[in-house]
Amino acid sequence: ILANRDDGKNVNSWHWEERDLSKASHEALKELFIGKQVPNEGDVKGFTFTELSEVDGDITVAQRKGKIMCYFEVKMTAKWEAMVGDSKIEGKLAATDIEHDNYTEDFDVKVTTVERSAAAAKAEAVAQKGGRKLFRSVTKGFFDDLFKQHNVGTKVPTSGTPSGATSSATSAPPPAAKPTPVAKPVTASVEATSIQWVIDWSAPVQELFRTFTDEARASAYTRAPAKIDAQPEGKFEFLGGAISGHYNEVVENKKLIMQWRLGSWPAGQHSSVVMDFVTEEHGRTRLNFAQAGIPSSDVERVKQGWTVNFFEPIKMMLGFQFTWVKQ
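Everything in this summary refers to the structure shown in the same document. Here the structure is a predicted model, which is why all the values come from computation and not from measurement. (Residues numbered from 1 in each chain as written. Predicted model: local features only at pLDDT ≥ 70, side-chain atom pairs only at ≥ 80, totals over all residues. Heavy atoms only, no water.)

With respect to the overall build of the protein
Each helix and strand in the protein was counted, giving 6 helices and 14 strands. Contacts in the protein between residues at least 24 apart in sequence constitute 60% of all its contacts with a sequence separation of at least 6. Accessible surface, the protein as shown: approximately 15800 Å² in total, 47% of it carbon and sulfur. (Helix = DSSP H or I, 4+ residues; strand = E, 2+ residues; numbered from the N terminus. Contact = heavy atoms within 4.5 Å. Areas by Shrake-Rupley, 256 points an atom, 1.4 Å probe, with all protein chains shown as cover.)

In structure tokens form, the structure reads like this:
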């Protein structure tokens, strides 16, 4: 996608030497911790992480000597609560020394409770064992996904494009759709193509809708700045502006209609994206996803882009599994 440029410009930030992922990673970690539970043990029921109340520190991916590396130094505090009989016990789990130089999967996690009582002692015992284990597991899962997505530990291709930064990654476009009345006509000199997908997601409709319309969440799973104003005529940007456009229609938890474009397309050229969210049983959602007006030369790039930059990261980061019904 990216050619070597005489002007030395770092087009769309894909020829990066160092990339600060701190802000997006902090948001992603907050999403990951909320609601995670430890199995009931004895009198202690419903042990749950209620929030990641503190997350601080730097997380950077960089090229060093032809290899992709990750440098991080993070401290985190998660609040938890549990029921012991009729008593609600609250406390915290904190890790102050998670860093790349001495990172291990059994890093130190300190446990505290808000009160001192027999019930609190029982809850603290569960926190010491199951709570610390879960804290470490969530953290490990985050870094495993981060390393995989950014190909940490691999060598940088000689072409200058980071391994894994596929053509779709630079301009991640959406899946195709049948033409809609709001679609702008494509210029006559460019052949336009449409694609349609049907995808089942293991997520409640409210959560899936939020995943595509919440700025902080989108910045987290794409690991790049997103700007979203989810209302009619509101504008959006994904992947630091590589994708942009505006909304024609927004019906909460039901439908999104967008005018959508890649930064590489001619000025004024948009495709039309329609996302219909259909509630299924057992907390599942069917996504009828369509995009029309894609230049034929970009169809494969658009298809891969939705999968690589949106669907797969959503699955890895938020745990929402998806199944192709029509592809």
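That was the structure; now back to the text.
Digging into the nonpolar core
In this structure, F135 and F212 are the most contacted members of the largest nonpolar core, which totals 82 residues. Not counting residues up to four positions away in its chain, the partners in contact with F212 are Y221, I228, F238, Y247, L256, M275, F277, L287, W306, F311 and I314. (Core = buried A, V, L, I, M, F, W, Y, C linked by side-chain atoms within 4.5 Å. Buried < 20%, exposed > 50% of the residue type's maximum accessible area, 1.4 Å probe, protein only.)

What to know about the environment of E124
Position of E124 relative to the elements: it lies in helix α2 (residues 118-149). Under the relative-accessibility criterion, E124 is labelled buried at 15%. Placed 13 residues apart in sequence, E124 and V111 show a C-alpha to C-alpha distance of 7.2 Å. Every residue in contact with E124, bar those within four places of it in the chain, is listed here: W80, V111, T113 and R116.

So, helix α1 (residues 22-33)
Helical geometry note: an α-helix holds 3.6 residues per turn, so side chains three or four residues apart project in the same direction. The end-to-end C-alpha distance of α1 is 17 Å, a good match for the 16 Å that 12 residues give at a rise of 1.5 Å each. Most of α1 is tucked away, with 9 of its 12 residues classed as buried. Taken as a whole, α1 has its buried residues at S22, A24, S25, H26, A28, L29, E31, L32 and F33. G35 occupies a position one or two residues after α1 and carries a positive phi of about 85°. (Expected span 1.5 Å × (residues − 1).)

Looking at the pattern of salt bridges
Opposite charge on two side chains makes pairing possible when the charged atoms of those side chains draw close. As enumerated under the stated definition, the model contains 18 salt bridges in all. As a salt-bridge pair, R210 and D214 come within 3.9 Å of each other at their nearest N and O atoms. Residue classification places D214 among the partly exposed residues on the basis of a relative accessible area of 23%. Taking the shortest distance from any N to any O, the salt bridge between E300 and K303 comes out at 3.7 Å. Placement of both E300 and K303 in helix α6 (residues 299-318) is noted, with a separation of 3 residues, approximately one turn of the helix. You can call E300 partly exposed: its relative accessible area is 48%. (Salt bridge = Lys/Arg side-chain N within 4 Å of Asp/Glu carboxyl O.)

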